[in-house]
Amino acid sequence: MRLKEHIDTVSWSVADKFLFVIYGIVTIVQFNAMKPEEMGLFALLITIFNWIFIISDSFALQNLIQFGQRKHDRGFINFVVGSFHITITLGASLLMLLFGNPLSVFFNEPRLIEVFEFLIILTFFNIPRTYAIKIFYRDTNMRRLFFTNAMYFGVMTFATLSVVFYKRFLTFNELVYIYLIGTLISSLVALSYIKNELTFRLKGQTRLKEIINFSVPYTLTSAIHLAPRQLDVYLIQYFFQTKIVGIYFLAKNLFRAFEEIVNAANGLIYPAAVRQIAKNDFNSLFDMATKALSYILFFNMFTIILLNLGLTDLFIKWFLPEKYYLAIPFFNLLSFVAIGLPFTILGSVLIAFNQPTKTMKIMSISLVFWLLSFIVIGIINQPLLIPVPHMLYFFILSLLLFLETKKHINISFKDILRFIPDVFNMIKNKCF
């Protein structure tokens, strides 16, 4: 894969991820203006919200990419995907609301009922936005993705700074209203981009069975893989308290910088891998996957060293009040998870090879170790060890994904280190 051939796509993708970095600064303002308990409530809302859309993305939206190359059948695929997406997201949100009372008792947080009331509204506003974004990825239209997200983050940034300027503090309710406004306006912008794509047909050549056979194992794979990153706050809430959820949520937000880099890579690699496999272009697939894995891995390792040498302490103590200082050891330990994150690229490659069942088994094994270790930490009441299960999960996941991918593209351990000779050769060519 030659970077210069995809410079426009990569540039818009990088610009899009830079929006997340900028909004990361805004979230620091939000944390500054909120009590940990209030932020803990928001964490419980946004994580279950993300979880629902992860499931729908896997079962419904991913089909826009997997089968969207069949241009003659897009009307039928649009209809099936839209129907599934609306049913899953609104259905799950309504279910959470119906069981709000017993869940609030189980997790010892009375305001969970309030969380689930907001959940269904936020879900409704987010449906068109997420549908459109998947179309952008299908068509590799990173420019439209950028402007959709720019509106989303821009509105929320303006609203956040306005409230904080006038009130000096934020409540859970106010932060939710900010997200509702940003999501609604972003959805309207996204719909304006895809209005010509919104053709629907009740019948098509693609069989519904084919869609479901792909979607079920892929959904289970995504749900299992992202359970540690989304549902961990509910385990923390169960074993500890909402205040700890809020403080840990700060560490998770800082860690998103690592996640968004890998998300950007996966967003580009998966559609490209599907196309390359369809053309039997395995050399390009190997080159793309190993470069992305190696380059991101070395960047993450360099960053982890800086963070643990004192950069985390410096950042949090400069920009956040003392009530959030406990996030320092949380984040330093959590940063080591970034060593395993790039290996999820290999999971995208396996999915592109139509191996969701294999991938699901690998992630299930890793999830068992994550859950058991989390329960142990909760029983012994050691909240500072909360990141350890994530480290264990990604260590096992990375090893198993590597061994399975080796069967398809013959990747070796030395390929993980290709960053070094690639950079050396680039310097050599530039200087000599």
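Look up a bit, the structure's there.
Source: prediction; values computed, not measured.

Caption draft 1: Local environment of the environment of Ile121. Looking at the element boundaries, Ile121 is found in helix H6 (residues 112-138). Separated by 27 residues in the primary sequence, Ile121 and Leu94 have C-alpha atoms spaced 10.0 Å apart.

Caption draft 2: Representation of the packing of helix H9 (residues 208-230) against helix H11 (residues 242-278) in the model. Two numbers describe how H9 lies on H11: the axes approach to 13 Å, and their chain directions differ by 160°. By the criterion of interaxial angle, the relationship of H9 to H11 is roughly antiparallel. Along this stretch, H9 crosses H11, giving a crossing that reads as right-handed. Contact residues: Phe214, Arg229 and Gln230 in H9; Lys252, Glu259, Asn263 and Tyr270 in H11. The residue inventory of the contact of H9 with H11, partitioned by class, reads 2 nonpolar, 2 polar and 3 charged.

Caption draft 3: Structural context of H11. At Ala257, H11 shows its largest kink, close to 35°. A large share of H11 lies buried, amounting to 29 of its 37 residues. Backbone geometry just after H11 places Asn280 at a positive phi near 60°.

Caption draft 4: Expanded view of the side chain of Asn126. Within the secondary structure, Asn126 sits in helix H6. Among all residues touching Asn126, those that are not within four sequence positions of it are Phe49, Phe53, Thr183 and Ser187.

Caption draft 5: Spatial organisation of the packing of aromatic side chains. In the structure shown here, the tally under the stated rule is 29 aromatic pairs. Ring geometry for Phe42 and Phe249: centres 6.4 Å apart, planes at 65°, overall edge-to-face. One end of the pair, Phe42, is in helix H2 (residues 36-61); the other, Phe249, is in helix H11, with 207 residues separating them in the sequence. By relative accessible area, which is 8% here, Phe249 ends up buried.

Caption draft 6: Structural context of the nonpolar core. Grouped together as the largest cluster of nonpolar side chains are 135 residues, with contacts concentrated most on Phe42 and Tyr179. With 18 residues, the single largest contributor to this core is H11. Excluding residues that lie within four positions of it along the chain, Tyr179 makes contacts with Tyr23, Phe42, Ile46, Leu122, Tyr152 and Met156.

Caption draft 7: Examining unusual backbone geometry more closely. Of note, the phi angle at Asn381 is positive, near 60°, even though the residue is not glycine. Structurally, Asn381 can be placed in the loop between helix H15 (356-379) and helix H16 (388-409). Here Asn381 falls in the partly exposed class, since its relative accessible area comes to 48%. Unlike most non-glycine residues, Asn410 shows phi in positive territory, near 55°. You can see Asn410 is positioned in the loop between H16 and helix H17 (413-416).

Caption draft 8: Molecular detail of helix H7 (residues 142-167). If you check H7, its first and last C-alpha atoms are 37 Å apart, about what 26 residues at 1.5 Å a residue would give, namely 38 Å. Listed in full, the buried residues belonging to H7 are Met142, Leu145, Phe146, Thr148, Asn149, Tyr152, Phe153, Val155, Met156, Ala159, Thr160 and Val164. Immediately beyond the C-terminal end of H7, within one or two residues, lies Arg168, with a positive phi of roughly 75°.

Caption draft 9: Expanded view of the pattern of salt bridges. Using the criterion set out here, one finds 12 salt bridges in the structure. A salt bridge links Glu259 to Arg229; the nearest nitrogen and oxygen atoms lie 3.2 Å apart. Of this pair, Glu259 sits in helix H11 while Arg229 sits in helix H9, and the two are 30 residues apart along the sequence. When its relative accessible area of 14% is taken as the criterion, Arg229 is described as buried.

Parameters and conventions
Residues numbered from 1 in each chain as written. Predicted model: local features only at pLDDT ≥ 70, side-chain atom pairs only at ≥ 80, totals over all residues. Heavy atoms only, no water. Helix = DSSP H or I, 4+ residues; strand = E, 2+ residues; numbered from the N terminus. Axes fitted to C-alpha atoms, helices over the stretch in contact; angles between N-to-C directions. Parallel < 35°, antiparallel > 145°, perpendicular 65-115°, else oblique. Left-handed = near helix turned anticlockwise from the far one by under 90°. Contact = heavy atoms within 4.5 Å. Nonpolar A, V, L, I, M, F, W, Y, C, P; charged D, E, K, R; others polar. Bend = angle between axes of the 7 residues up to and from the residue. Buried < 20%, exposed > 50% of the residue type's maximum accessible area, 1.4 Å probe, protein only. Phe/Tyr/Trp six-rings, centres within 6.5 Å; stacked < 30°, edge-to-face > 60°. Core = buried A, V, L, I, M, F, W, Y, C linked by side-chain atoms within 4.5 Å. Expected span 1.5 Å × (residues − 1). Salt bridge = Lys/Arg side-chain N within 4 Å of Asp/Glu carboxyl O.

Shape descriptors only; they carry no functional weight alone.
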